[in-house]
Amino acid sequence: MERVKIVLKSGKEQSLLRLHPWVFSGAIKKMYGNPAEGDLVDVYDNKDTFLATGHYAPSSISVRVLSFEQINPDISFFREKIKKAISYRKAIGITDNPIINVFRLIHGEGDGLPGLIVDYYNGVAVMQMHSLGFYRIRKEIASILSELLKDSIIAVYDKSEGTIPHMSGVSATNEFLFGNSGPATVTENGYKFKIDWTTGQKTGFFIDQRNNRKLLQNYSDGRSVLNMFGYTGGFSVYAMKNAALVHTVDSSFSAIELANENINLNFGDDPRHKSFQVDAFDYLNNINEKYDLIILDPPAFAKHNNVLANALQGYKRLNIKAIEQIKPGGIIFTFSCSQVVSKENFRKSVFAAAANTGRSVRILHQMSQPPDHPVNIYHPESEYLKGLVIYVE
Ligand code: SAH
């Protein structure tokens, strides 16, 4: 099929020349044809020089680039990209690892596959398509995964119901595209977690916090730990190794249930752990004990640039509460996973929070995402997870 040609306004080719994989709608001068959402399109500069091929969407990101070469991104193209994503994870020691069998297998732009996320849970691959282009070839992607991972895969589950764009009008059903499996128990740094991708948030687990959870363990020894926005209790489980007590807070009932179950899986019925189903701000406002270590890992406060200012205020308010509440000599692990909030902006919010309390605050560590969530150097937006460990005098 002939691909629709898209020509950019003069000067708007610069970001593609720097290999940034998005074309914004405002950069488009003319489209020769009427592409449907998810179609492959070719992008040219104003002087008719080919720039890139990618998936089209009638939204602010109009093209997600698959290749800067004039090729046909057919199934063998995707097979090669997925093969490379797998070899990369072998090379960094994340596959065939005796203490880790939960990792991100494909990280969208970070793996040159914008719009495609695949997480691996001890034999089950869970896919989330963020573009119709990938949704249309979901069955092919599932069969490539089952073929390339043959000895280490039992099922591929497509969970794109909530992630393919609403505007497309396509309604997805979450389903197994290869094999079948009930909830899995995975191992992360030797700890066990139960993962239910059908009912859980995102693909079922926040794999991106693996290294930061490990870092937390270094600081939890003997401390009283408050894990805000605990979800499956990831940070709580690591803290339980050596903390005096661990409290998990989440507003979601099912999250609290999962956190309790995961604590139980690793430590049995241990009275050091308690969980509270309550809004984070309510909890911090009505706190009746002081903690030595607080984790703040809220959901993305900003999904779009137009709400950035509100999001930064949100991070500031939350961090003020924690810095005010923590015991002298306490430590806070504070995060932002909003893609539109830059590292600098997040740091400024925490700075503003600290200044507001007047307490002396030092930065011990600056955290990010682990290497199975690689950052495409040409796409700074793929570095979405930011965190600071701070010491409050
Ligand atoms: N720290 C977790 C991931 C957190 S995801 C981990 O390591 O796995 C964000 C969590 O915040 C979700 O579980 C969600 O239910 C919870 N949440 C969202 N809004 C909240 C609020 N206002 N108060 C408390 N929890 C909230």
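Residues numbered from 1 in each chain as written. Predicted model: local features only at pLDDT ≥ 70, side-chain atom pairs only at ≥ 80, totals over all residues. Heavy atoms only, no water.

**Some details on the packing of helix α2 (residues 75-91) against helix α4 (residues 138-148)**
Running from N to C, α2 and α4 cross one another at 45°; their axes reach a closest spacing of 10 Å. One element, α2, and the other, α4, form an angle in the oblique class. Read as a crossing pair, α2 and α4 show a hand that is right-handed. Along its contact with α2, which presents I75, F78, R79, I82, K83 and I86, the element α4 presents E140, I141, I144, L145, E147 and L148. Partitioned by chemical class, the residues of the contact of α2 with α4 number eight nonpolar, no polar and four charged. (Axes fitted to C-alpha atoms, helices over the stretch in contact; angles between N-to-C directions. Helix = DSSP H or I, 4+ residues; strand = E, 2+ residues; numbered from the N terminus. Parallel < 35°, antiparallel > 145°, perpendicular 65-115°, else oblique. Left-handed = near helix turned anticlockwise from the far one by under 90°. Contact = heavy atoms within 4.5 Å. Nonpolar A, V, L, I, M, F, W, Y, C, P; charged D, E, K, R; others polar.)

**Thoughts on the sheet that holds strand β1 (residues 4-8)**
Across the sheet, which stays open at both edges, the six strands sit in the order β2-β6-β5-β4-β1-β3 with mixed pairing between neighbours. The open sheet is flanked by β2 (22-24) and β3 (28-32), the only strands paired with a single partner. Between one strand axis and the next, the sheet turns through 35° on average, direction left out of account. In this sheet, strand β4 (residues 40-44) lies alongside β1 in parallel orientation, the contact comprising four bridges. Note that in β4 the partner of V7 across the bridge is Y44. (Pairing = 2+ DSSP bridges.)

**Description of the packing of helix α9 (residues 308-325) against helix α10 (residues 343-357)**
The geometry of α9 relative to α10 is characterised by a closest axis approach of 8 Å and an angle of 45° between their N-to-C directions. Between α9 and α10, the interaxial angle falls into the category oblique. Seen along the crossing, α9 lies across α10 with a hand that is right-handed. Facing α9, whose interface residues are L308, L312, Y315, K316, N319, I320, I323 and E324, α10 presents N345, F346, S349, V350, A352, A353, A354, N356 and T357. Taken together, the residues of the contact of α9 with α10 break down into 10 nonpolar, five polar and two charged.

**Thoughts on the site of the ligand**
Neighbouring the ligand are 16 residues, the closest being R213, D250, D279, A280 and D297. In this structure, a nitrogen atom belonging to the ligand sits 2.8 Å away from a side-chain N or O atom of D279. Its free accessible area being 590 Å², the ligand has 88% of it covered by the protein chains. Broken down by class, the residue content of the shell around the ligand amounts to seven nonpolar, five polar and four charged. (Near = heavy atom within 4 Å. Polar contact = N/O pair within 3.5 Å; in protein donor to acceptor, adjacent residues only side chain to side chain. Areas by Shrake-Rupley, 256 points an atom, 1.4 Å probe, with all protein chains shown as cover.)

**Observations concerning the pairing of strand β5 (residues 50-56)**
Counting buried positions along β5 yields seven of seven residues, so the element is predominantly enclosed. Sheet analysis places β4 next to β5, joined by five bridges and oriented antiparallel. If you follow V41 over to β5, its bridge partner there is G54. Counting the residues that bridge the hairpin from β4 to β5 gives five residues, and of these D48 lies at a positive phi of roughly 70°. (Buried < 20%, exposed > 50% of the residue type's maximum accessible area, 1.4 Å probe, protein only.)

**A few points about the sheet that holds strand β16 (residues 273-277)**
If you walk across this open sheet you meet the seven strands as β16-β15-β14-β17-β18-β20-β19, and the pairing is mixed. In this open sheet, the two strands that pair with only one neighbour each are β16 and β19 (361-367). The sheet shows a mean angle of 15° between the axes of neighbouring strands, taken without regard to direction. Pairing of strand β18 (residues 330-336) with strand β20 (residues 386-392), which is carried by seven bridges, proceeds in the antiparallel orientation. Considered in β20, the bridge of F333 is made with V389. Against the sheet, helix α5 (residues 210-219) touches β17 (293-296), β18, β19 and β20, its axis set at about 170° to β18.

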